[in-house]
Structure formats: C-alpha cells, structure tokens
Amino acid sequence: MKYRKQYVDVAVEMTADGRMLPRIIYWIDGRQYEISRIRAVTPAPALKAGGQGDRYTIVMEGKERYLFFERPTDAEADRTVGRWFVEAPEAI
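Residues numbered from 1 in each chain as written. Predicted model: local features only at pLDDT ≥ 70, side-chain atom pairs only at ≥ 80, totals over all residues. Heavy atoms only, no water.

### A few points about the packing of aromatic side chains
All chains considered together, the criterion is met by five aromatic pairs. Following the ring pairs from residue to residue traces out a cluster consisting of Tyr7, Tyr66, Phe68 and Phe85. The ring of Tyr66 is capped by Arg55, whose NZ or CZ atom sits 4.4 Å from the centre of that ring. (Phe/Tyr/Trp six-rings, centres within 6.5 Å; stacked < 30°, edge-to-face > 60°. Lys NZ or Arg CZ within 6 Å of the ring centre and 35° of its normal.)

Right under this line is the structure:
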C-alpha cells in the first residue's frame with residue numbers, strides 16, 4: 001500500500017516552556033479527533049509517506065498513531081513555522 005502526506009489542521013496548546021502539545025486533529029472532511037495522550041516526541045522521518053520532522057506518538061480513540069510536525073524549508077520560513085501531517089493511504 002502506498003501512503004502520502006495528508007496535511008491537517010491541529011489545535012495545539014503552547015506551554016510556557018515552549019512545548020507544542022497537539023490536542024485535536026481536524027480531518028479534511030470536518031471530522032475531529034481528540035488526542036487523549038502524547039507518548040513521545042522525537043525527530044524522525046515519515047517512513048511511509050516520506051519527509052522529516054518531529055514525530056508525535058499519540059493516542060487517539062484508544063489507538064496509537066503518529067502525527068508529524070514538518071518544519072519549513074528556507075524558502076517557506078518567512079511564511080510559516082511548520083505544518084502538521086499524517087500518513088494517509090493513497091486512493092486506489
């Protein structure tokens with residue numbers, strides 16, 4: 001199965017010490033998924049869809065998933081601090 005990056009909107013809590021804590025993922029069709037727990041945050045590649053960023057190991061609806069925060073390239077740095085994505089299966 002092939003995967004792609006699916007960029008998503010994410011509600012994020014910013015802590016006083018500078019950590020980003022994702023709380024809700026907003027899927028492209030309007031569904032919302034509450035993140036009940038963040039298990040780990042590590043710099044890691046998205047092995048299925050490609051790309052590099054901070055990989056958040058999260059628990060959502062009782063299942064462990066990955067959510068990635070992709071930092072901008074030099075060309076994008078003046079417009080954004082980064083984007084969130086998940087690895088989604090490509091449509092057949």
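### So, the pattern of salt bridges
Taken as a whole and assessed by the stated rule, the structure comprises seven salt bridges. Of the charged contacts in the structure, one is a salt bridge between Glu70 and Lys5, with a shortest N-O distance of 2.4 Å. Residue Glu70 is located in strand β5 (residues 63-70), and its partner Lys5 is located in strand β1 (residues 3-14); the two are separated by 65 residues in the primary sequence. A residue is classified by how much of its surface remains accessible, and Lys5, at 25% relative accessible area, is partly exposed. Among the ionic contacts, a cluster of salt bridges with common partners joins Lys5, Glu70 and Arg83. (Salt bridge = Lys/Arg side-chain N within 4 Å of Asp/Glu carboxyl O. Helix = DSSP H or I, 4+ residues; strand = E, 2+ residues; numbered from the N terminus. Buried < 20%, exposed > 50% of the residue type's maximum accessible area, 1.4 Å probe, protein only.)

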